[in-house]
Each structure stands twice: as C-alpha cells, then as structure tokens.
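Chain by chain, the residues run as shown.
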Amino acid sequence: MEFDAPSVIRTKRDGGVLSDAAIDWVIDGYTHGRVADEQMSALLMAIFLRGMTPAEIARWTAAMIDSGERFDFGDLGPPMVDKHSTGGVGDKITIPLVPVVLACGAAVPQAAGRGLGHTGGTLDKLESIAGFTAELSTAQIRAQLAGVGAAIFAAGGLAPADRKIYALRDVTATTESLPLIASSVMSKKLAEGARSLVLDVKVGKGAFLKTEAESRELAATMVALGNASGVPTRALLTDMNRPLGRTVGNAVEVAEALEVLAGGGPEDVVTLTVALAAEMLDAAGVDHTDPAETLRNGTAMDRFRELVTAQGGDLDRPLPVGAHSETVTAGTGGVMGDIDAMAVAMAAWRLGAGRAAPGQPVQFGAGVRIHRRPGEPVAAGEQLFTLYTDTADRLAPALAELESGWSVGAAAPEIGPLIIDRIEG
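Conventions and cut-offs
Residues numbered from 1 in each chain as written. Predicted model: local features only at pLDDT ≥ 70, side-chain atom pairs only at ≥ 80, totals over all residues. Heavy atoms only, no water. Helix = DSSP H or I, 4+ residues; strand = E, 2+ residues; numbered from the N terminus. Expected span 1.5 Å × (residues − 1). Contact = heavy atoms within 4.5 Å. Core = buried A, V, L, I, M, F, W, Y, C linked by side-chain atoms within 4.5 Å. Buried < 20%, exposed > 50% of the residue type's maximum accessible area, 1.4 Å probe, protein only. Domains from an automatic or database assignment. Salt bridge = Lys/Arg side-chain N within 4 Å of Asp/Glu carboxyl O. 1 Å grid on protein atoms, 1.4 Å probe; cavity = no way out; pocket = protein on both sides within 12 Å on 5 of 7 lines; lining within 4 Å. Points joined across faces, edges and corners; volume = space filled by probe spheres on them. Axes fitted to C-alpha atoms, helices over the stretch in contact; angles between N-to-C directions. Left-handed = near helix turned anticlockwise from the far one by under 90°. Nonpolar A, V, L, I, M, F, W, Y, C, P; charged D, E, K, R; others polar. Pairing = 2+ DSSP bridges. Parallel < 35°, antiparallel > 145°, perpendicular 65-115°, else oblique. Phe/Tyr/Trp six-rings, centres within 6.5 Å; stacked < 30°, edge-to-face > 60°. Lys NZ or Arg CZ within 6 Å of the ring centre and 35° of its normal. Buried area = accessible area lost by both parts, 1.4 Å probe. Polar contact = N/O pair within 3.5 Å; in protein donor to acceptor, adjacent residues only side chain to side chain.

Here we take up helix 4 (residues 54-66). Structurally, the α-helix is built with 3.6 residues per turn, so residues lying three or four positions apart point the same way. Under the 1.5 Å per step criterion, the end-to-end length of helix 4 is 18 Å for 13 residues, consistent within 8% with the ideal 18 Å. Contacts made by the buried residues of helix 4 are with helix 1 (5-13), helix 2 (20-31), helix 3 (37-50), helix 8 (160-170), helix 9 (178-191) and helix 10 (212-228).

Here it is in structure tokens:
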C-alpha cells in the first residue's frame, strides 16, 4: 500500500488509528530520510494530543526495534538484566546501581541516553569523567560484557528510528507523551539483549508524567510490552516531587554517586539503588546476599572502577566544576521546606547541564548542589544551594528558575514514601 506523510499525519490529527502498515512505513521513511523532520514533528504532536491505542504502541515499538540491529548475548555466562528510569531530577541511580548488580553476580548491558527535556542523561553524566566513552561498537560491548560483565553505552545501531525521534521530541515539546515514552524506552531495552528488565517509573513534579494515574498507566504499558516480547519486566513507581540526593547536573552527580559507592551518600539515593538492585537480581534469578553489602565492603566500587577503566575513563583525574558559581543563602532560620524538582531541574538546564537543540554540547561542570534537604534545620545566613556554570551570564536566569522552588518555614513538610508501588505483569 502506498502512503504519504500528510495522510498519516492527518489520520492521527483527526483522532484515527494508524494501521500497522502506516506505522511501519512512517518509521522506515523517517529512519531513511524520506519523511522530513517537520513532518515527523507534526505527527509527534498529533500523537501527543490524540494518544495511541495499545496495539498502535506495540507496533510503533516493534517498528523502531526493526529499524536497527538487535543484540543477543545469550551465549555469555551470567544472567543479563537491565534497568531503565523514565527520567528524573538528580537521578544518578544507574551509576552506583550497575556495579552493585555486577558485584552480586549478574551482568548488565545498559543502553543509556542523553538528557531529554528537563531530565539529565546518564551518558552526559558519565562523559564528565575524563576519557570515558559510551560510543562502543557491538564487538566492544560483547567483549566488555564477557570480560567486565557490564557496559554502559550509547544505543548506536539499536533502534536508530528512536534516536532520531528522541532528539526531535526534546525540541518540539512532545517529551511528555505516554505512547512516545513507552515505545522509546522499550524499543531500546528490548533490542539490547537483556533477558529481564526492571523499570523505575517516576511520579510527581519532576517526572515527565505528573500524576500517579498517568505513571501507573505508563508502567503497566511498558511491563506489558516487555512481557509480550518474552522479556520478563517489572516496575517500581518512585517519587519525583523533589530531587534525588543533593546534586543535579553532570559531574556533580557523578561525585555524589562515588560517595554512595564509597559507603556514604544521601539516604534516598542509597535506598533506591539497593531496592532496584534487589528487583534486578530477583528478576534475573540470581541468588545473592544483601546488595547494600557491596557498598559497605567496597566490591561495588571496585566493579565501577573496572567498568570506567574499560571504557577509557580515569577516576583519578578531578571531575570538572563550573568556573562561575553563586550561592543561595537563607534569609531566616527554621526548617527547609519542600524543594520543587522541576524548579531545580530548570535551574540546572539554564546553567548549561542540559541542551536546547539536538546534538548541542552540555557543560559537564554545570549543576546545582543542594545543601539543605526538606525537613533539615536551617540557620539564618546558611548556604542552601550552590549553582555552577562555565558561563557567568547563565547564573541570573538559573537563579530566577530556582527562586520559587523552595522555602524555609517553621515546620517540616510532609514527605511521602520514596517507593510508591511495584507493578508486575
């Protein structure tokens, strides 16, 4: 059947259902340049506004998988399991999580992404480590999985259609679409060779989808996609109303992850790392001791050093810090109120930690350090936030974004559970 981009766009614009053939055609056409960016942008907005049926999401996901290669590492020893987060603020969990799972006896092929919208990207963070590269060939990934047991890499030949669409969503205000999030995540994860998958689906102000109902629907959609493809999948719903940990940015988050691997770090980062590790090991069928023990005894740190070295990184060289900084102090004493995750994320983005156009470089040293977390006592004049950037004129707009995102009051804010629920098909 012959298709054309305006007709496909019009079908979805008017609330229609795209046929399997139409989806296959438009994904293949966009991958190979026959469908233009402006046409795919229009279709993405139509999907954002009109949604997709479960059958459309499944076919869109399959078409993106079929646009590239699919890894198979079944011949390599340990069970392979992966985790994916739907994107958060201060979400550096992958960095300590992969070596914890590795230290417990599973292998992790982790296709990671760059920053999208207000959320940080794992690859942007890791590339702030001197020499670290995520651009690995299939042969390099296979060799590293066989030797080290884990690799964190750019998707490369996996779902190239998604790579193009992912970048386009970032600059067309279509990042928050449930069908597009689900298909983007699962196309890469189902193609990367993991035998089981754990999803960290964020809920709240700093998440792509703000309500718990939307996040539950997203989690259920992705779990169903994974299970239907023969990859056992489960999800945790986790809170993203306030930033994870005390840092938001690139190198500042790596530094905090290293604190966690050294047996310290913020309680929420440690708790979520250990909870996700336990889920991953259970999903992979790996008999294990307490994952937290790998943080206490240093084995997770050893595995992380091996991973970074294998990918060209040097942890002995200092992490970059923005050349310019500004500190926000408390005007009065009291108790730190809630901190709005989105306000902090937008401040970090203004500082240069994120990008406004596909392929734009990020500043590795840009970010926000949070000195007082919600519920902690605050003295007048005490430091609350420090902002870092290499571009001095970025400080004022970043401070403006942050200004309404925090408060100091007389009483501690009510803080809900970090892990809200668990969803398994």
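And the narrative resumes.
In this structure, Val-101, Ile-129, Phe-304, Val-368, Phe-385 and Leu-387 are the most contacted members of the largest nonpolar core, which totals 71 residues. Residue assignment places this core across two domains, with domain 2 (81-316) and domain 3 (324-409) each supplying three or more. In this structure, Phe-385 is in contact with Glu-326, Thr-327, Val-328, Met-336, Ile-339, Val-368, Arg-369, Ile-370, His-371, Leu-402 and Trp-406, ignoring residues within four places of it in sequence. Formed by 60 residues, the second largest nonpolar core is a distinct cluster that contains Met-64, Ala-107, Leu-218 and Val-231.

The next point concerns the pattern of salt bridges. The tally for this structure, following the rule as stated, stands at 35 salt bridges. The shortest N-O distance in the salt bridge between Glu-192 and Lys-189 comes to 3.6 Å. Judged by its relative accessible area of 0%, Glu-192 is buried. A salt bridge links Arg-350 to Glu-401; the nearest nitrogen and oxygen atoms lie 2.9 Å apart. Here Arg-350 is found in helix 15 (residues 341-351), whereas its partner Glu-401 is found in helix 16 (residues 395-403), with 51 residues between them in sequence. On the basis of relative accessible area, Arg-350 is assigned to the partly exposed category, the value being 32%. Connected through shared salt-bridge partners, Arg-114, Asp-124, Glu-127, Glu-135 and Arg-355 make up one network.

To continue, consider empty space enclosed by the protein. Across all of its chains, the model carries 3 cavities of 30 Å³ or more by this definition. What the largest cavity holds in volume is close to 380 Å³. At the level of elements, strand 1 (81-85), strand 2 (108-112), helix 6 (122-126), helix 8 and helix 9 are the ones that each hand at least two residues to the lining of the largest cavity. With 5 residues, the single largest contributor to the lining of the largest cavity is helix 9.

In contact at an axis separation of 10 Å, helix 8 and helix 9 are set at 145° when each is read in the N-to-C sense. Taken as a pair, helix 8 and helix 9 cross one another with a handedness that is left-handed. Packed against helix 8, whose contacting residues are Asp-162, Tyr-166 and Arg-169, the element helix 9 presents Leu-180, Ile-181, Ser-184, Ser-187 and Lys-188 at the interface. Residues of the contact of helix 8 with helix 9, tallied by class, amount to 3 nonpolar, 2 polar and 3 charged.

Looking now at the sheet that holds strand 10 (residues 377-378). Spatial ordering of the open sheet is given by 10-8-12, a layout of 3 strands whose pairing is antiparallel. Among the strands making up the open sheet, the edge pair consists of strand 10 and strand 12 (408-409). Of the pairings in the sheet, the one linking strand 8 (residues 334-336) to strand 10 comprises 2 bridges and is antiparallel in character. Bridged to Gly-334 within strand 10 is Val-378.

Right, let's get into the pairing of strand 5 (residues 233-239). Most of strand 5 sits inside the fold, with 7 of its 7 residues counted as buried. Going residue by residue along strand 5, you find Thr-233, Ala-235, Leu-237 and Asp-239 tucked away on one face and Arg-234, Leu-236 and Thr-238 tucked away on the opposite face as well. Note that strand 4 (residues 196-203) and strand 5 share 7 bridges and pair parallel. Of the residues in strand 5, the one forming a bridge with Val-201 is Leu-237.

Here helix 3 crosses helix 8 at 70°, and the two axes come no closer than 10 Å. Our classification of the angle between helix 3 and helix 8 gives roughly perpendicular. Judged by residue contacts, Asp-37, Met-40, Ser-41 and Leu-44 of helix 3 engage Ile-165, Leu-168 and Arg-169 from helix 8.

Each aromatic ring pair is specified by the distance between its two centres and by the angle formed by the two planes. Within this structure, the stated rule accounts for 4 aromatic pairs. Aromatic side chains Phe-3 and Trp-25 sit 6.2 Å apart centroid to centroid with 40° between the ring planes, which places their arrangement in the tilted category. Note that Phe-3 is positioned in the segment before helix 1 and Trp-25 in helix 2, a separation of 22 residues in sequence. For Trp-25, a relative accessible area of 23% gives the class partly exposed. Linked through ring pairs, Phe-71, Phe-73 and Phe-153 together constitute an aromatic cluster. Above the face of the Tyr-30 ring, Lys-164 is positioned so that its terminal group lies 4.2 Å from the ring centre.

As a further point, take the domain arrangement of the protein. When cut into domains, the protein gives domain 1 (5-51), domain 2 (81-316) and domain 3 (324-409). Just the C-alpha atoms count here: the centres of domain 2 and domain 3 sit 24 Å apart. The interface of domain 2 with domain 3 comprises 28 residues on the first partner and 29 residues on the second. Summing the contributions of domain 2 and of domain 3, the shared interface buries around 2200 Å²; its carbon and sulfur component is 54%. Between Arg-246 and Glu-376 there is a salt bridge, with its nearest N and O atoms 2.4 Å apart. There are 13 residue pairs in polar contact (both at pLDDT 80 or more) connecting domain 2 and domain 3. Listed by contribution, the elements that provide at least two residues to the side of domain 2 that touches domain 3 are helix 8, strand 6 (247-249) and helix 11 (251-261). In terms of residue count, the dominant contributor to the side of domain 2 that touches domain 3 is strand 6 (3 residues). When its residues are assigned to classes, the side of domain 2 that touches domain 3 shows 9 nonpolar, 10 polar and 9 charged.

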